[in-house]
Amino acid sequence: MSILADRETGVLIQGITGREAATFTLESLRYGTRIVAGVTPGKGGQQVHGVPVFDTVAAALRGRPCTATIISVPAPFVRDAAWEALASGLRLLVIVTERIPRGDVAAILERAREQGARVIGPNSLGIISPGQARVGMCGGAVEAIRKAYTVGPVGVMSRSGGMMTEISSLLTQAGIGQSTCVSVGGDPLVGSTFLDLLPLYEADPATKALVLFCEPGGSMEETLAQALKERHSRLHVVAFVAGHFTDRNQGVRFGHAGAIVEGTQGSPAGKVAALIGAGVVVAEKLSQIPHLLRMGL
Amino acid sequence: MYIPMKVIEAEGKALLKGEGIPVPDGAVVGSAEEGAAVAAALGRPVAVKVQIPAGRRMKSGGVRFANTPQETSEAVGALLGAIIHDFRVEHVLVEEKLDIAAELFLAATYDPVRRTPVLLATRQGGIEVEAAAKVAPYPFSTLAPVPAHWGRQIAEELSFGGEELLRLGSLITSMARLFVEWDALLLELNPLALETDGSWKAADVHLELDDDAAFRQGNLLRQLPLSARMADRRTDFEREAARIDSADHRGVAGRLIPFPGDLGLLIGGGGASLTIMDALLNAGLKPANYCEIGGNPSVWKVQELTKLILRQPRVRKLAVIMNVVSNTRVDLVARGVIKGVLESGREPEEAIPAFRIPGSWEEEGQAILRHYHVRSFGRETSIDQVVDAMRCPF
């Protein structure tokens, strides 16, 4: 079992003719992902590694039903691509593009909420359910994916795509496989936070434990900790918080609104305290994670 | 690490004025004589405020008040050239001192939990506003312009009425619109002052713009030359790194930030760099720089960055550490590092205390490193274990 994506999930690739998208399309196909079509406006009729390309999402979906899309178009065009996907009724949008204006991200997420669709990212390397499907570009080429990711009971959620592969590789080396790994995206505003995804993992019988990779800024860790405090979760949760050195290197804050919205949240030390207070096991060193997981499995 | 562009107060006020939001009369000056002339023209007591992209100017002595042109001249003279929050003061704003009947705190920013912009409003304005009781946020949409009644409603909830309510309501509606139109990350009026004659004026403004939206904000950015100049605080080292990065589109060097130590670093990606810095500092090692290498950099880019880092006077060694990489070719990075070290007149074996990049083409990369007897590590050695190994050389 898995969450979000499995071998049955039909996937569309928006921006499929781009160099990076064409590469991850090929490697995802080799891994077993069911990629049904690609979209690049103006390039309809072409093929990318055997995948048919269409000018619009609506045309791509005609006779090729699917629920998920990977958006890999240049930052100025992401908002429109996401709105097009939502207008065509797609349920899962994985946005890999980085450096999208924050106003565009807010506008995408607002419309996705209206439609009840889920967004992963932006600035996400994607989702992988080992042995079943990769929706995105995490792990690289198929041989590298198989080296790093294996099937097992641990869900991984990471604010860094690279560290998701690092941690999964660490688990794999220790003989611990993964159910589904989600690169939630490195931006201040993301479609799905740790807390948004927690119920999905809780409902997945294959997942017994979770590993979180946390970074400075935002309040994703604190809101998860608050929720874990208020209700029991059946999952054993291990977290690693990176970037403690930034606590010692803060500039003078400009304006007061950030402090009002985030309060004391955002600092790595505060995140560690909140997570520990909620019963999460916090690893001081990356290499301790497999051992700390085993204690709860 | 993402750094938004902070707009200097005077340029922020000019933008507000252009949109019909009243601000105090005044002008930016660069000398005591100019300051006196502005004060004389205003013909009333003035505020003299340093123009730097940092907050807490009042507390750090960057704001003074003067009653006469002579006093203004003295205040301007005392502030110009001063160092405040690491900024050298080159410009000060001389503007009319307001007769304030009431103060408001108004700000628009993004709420990462709601994932919408919010407007924050409270009558407890001033410099300690975040310590005040909880401020109710008013979320607004980026999909459609906020309606005029939305602003009036907030003004009413702040207990204003009559003309004051109408003016404040329209000002709040404008703020929400401008926040979206300008691609701002923060638009804060603190305080928004109600003058004794019943008019509202933005006594101070903090505006931060989204660098990722710069591609569509050319007109706005052209009106902010002073802010653009002050926002760029990079050292020569950072500038040179950025030049190397932009000279070749393959891979990214991230931002190279100098640190006071002696250990040069080529590290990445983003999350791994944070992890590696923590591990190094915990182990008592002294990094000379931070960076976030990513993507698939060319041999040339890695070689030039290696030479640049080794050229820094304090730097003695260069550690190369990345997470298990997906798209970076290990052999290209290895070749670039070795070439850079050799061209710097150093022996790779001695100059590189650790090389750890697991991923594609790792066997080829390892072969290159073995040839030069560089101590290299694979995925079986985790990041903190590599750092531990660097503490004990053998």
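Residues numbered from 1 in each chain as written. Chains lettered and ligands numbered in written order. Predicted model: local features only at pLDDT ≥ 70, side-chain atom pairs only at ≥ 80, totals over all residues.

(A) Broad picture of the overall build of chain A. Scanning chain A from terminus to terminus reveals eleven helices and 14 strands. Relative to its length of 297 residues, chain A is compact, with a C-alpha radius of gyration of 19 Å against a globular reference of 19 Å. Seen through its C-alpha atoms, chain A measures out along the principal axes to roughly 55 × 50 × 30 Å. Here chain A holds 297 residues, and 59% of them are scored as buried. Sequence-distant contacts, at least 24 apart, represent 73% of the contacts inside chain A between residues at least 6 apart. (Helix = DSSP H or I, 4+ residues; strand = E, 2+ residues; numbered from the N terminus. Rg over C-alpha atoms; globule rule 2.2 N^0.38 Å. Buried ≥ 20, exposed ≤ 12 C-beta atoms within 10 Å, placed from the backbone. Contact = placed C-beta atoms within 7 Å.)

(B) A look at the domain arrangement of chain B. Examined at the domain level, chain B breaks down into domain 1 (1-24 + 99-232), domain 2 (25-97) and domain 3 (236-391). Taking only C-alpha atoms into account, the centre of domain 1 of chain B sits 43 Å from that of domain 3 of chain B. (Domains from an automatic or database assignment.)

(C) Focus on the pairing of strand β11 (residues 178-183) of chain A. Residues and elements named next belong to chain A. The element β11 is largely enclosed, with a buried count of six among its six residues. Relative to β11, strand β10 (residues 151-158) runs parallel, the two sharing five bridges. Counted as the bridge partner of V154 is Q178 from β11. (Pairing = 2+ DSSP bridges.)

(D) Region of interest: helix α1 (residues 19-31) of chain A. Residues and elements named next belong to chain A. Counted at 1.5 Å a residue, the expected span for α1 with its 13 residues is 18 Å, and the 19 Å between its end C-alpha atoms agrees. For α1, the complete set of buried residues consists of A21, F24, T25, E27, S28 and Y31. Tucked inside the fold, the buried residues of α1 contact β1 (10-14), β2 (34-39), β3 (47-48), β4 (51-54), β9 (133-136) and α5 (142-148). At the C-terminal side of α1, G32 shows a positive phi close to 115°. (Expected span 1.5 Å × (residues − 1).)

(E) Summary view of the packing of helix α8 (residues 220-230) of chain A against helix α10 (residues 268-277) of chain A. All names here are of chain A. It is at 8 Å that the axes of α8 and α10 come closest, and there the two elements cross at 15°. One element, α8, and the other, α10, form an angle in the roughly parallel class. Considering only the axes of α8 and α10, their crossing is left-handed. Counted together, E221, E222, A225 and K229 of α8 and K271, A274, L275 and G277 of α10 form the full contact between these two elements. (Axes fitted to C-alpha atoms, helices over the stretch in contact; angles between N-to-C directions. Parallel < 35°, antiparallel > 145°, perpendicular 65-115°, else oblique. Left-handed = near helix turned anticlockwise from the far one by under 90°.)

(F) Molecular detail of the sheet that holds β9(A). All names here are of chain A. The seven strands lie next to each other as β9-β8-β11-β10-β12-β13-β14, forming an open sheet whose pairing is mixed. The outermost strands of the open sheet, each flanked by one partner alone, are β9 and β14 (281-283). The average undirected angle you get between the axes of adjacent strands in this sheet is 15°. Pairing of strand β8 (residues 126-129) with β11 involves three bridges; the strand directions are antiparallel.

(G) Highlighting the sheet that holds strand β18 (residues 355-356) of chain B. Residue and element names in this part refer to chain B. Strand order in the open sheet formed by four strands is β15-β17-β18-β19, and the pairing between neighbours is parallel. A single partner strand is all that each edge strand has here, and the edge strands are β15 (263-268) and β19 (376-377). Relative to strand β17 (residues 317-322), β15 is paired through six bridges, and the arrangement is parallel. Residue I267 lies in a different strand from β17, and its bridge partner there is I321. Docked against the sheet, helix α9 (residues 270-282) engages β15 and β17, running at close to 145° with respect to β15. Across the sheet, helix α10 (residues 299-311) is in contact with β15 and β17; its angle to β15 comes to roughly 150°.

(H) Inspection of helix α4 (residues 102-115) of chain A at higher detail. A rise of 1.5 Å per residue sets the reference length of α4(A), with its 14 residues, at 20 Å; its end C-alpha atoms lie 20 Å apart and thus fit the reference within 8%. Positive backbone phi, at 70°, marks A:G116, one or two positions downstream of α4(A).

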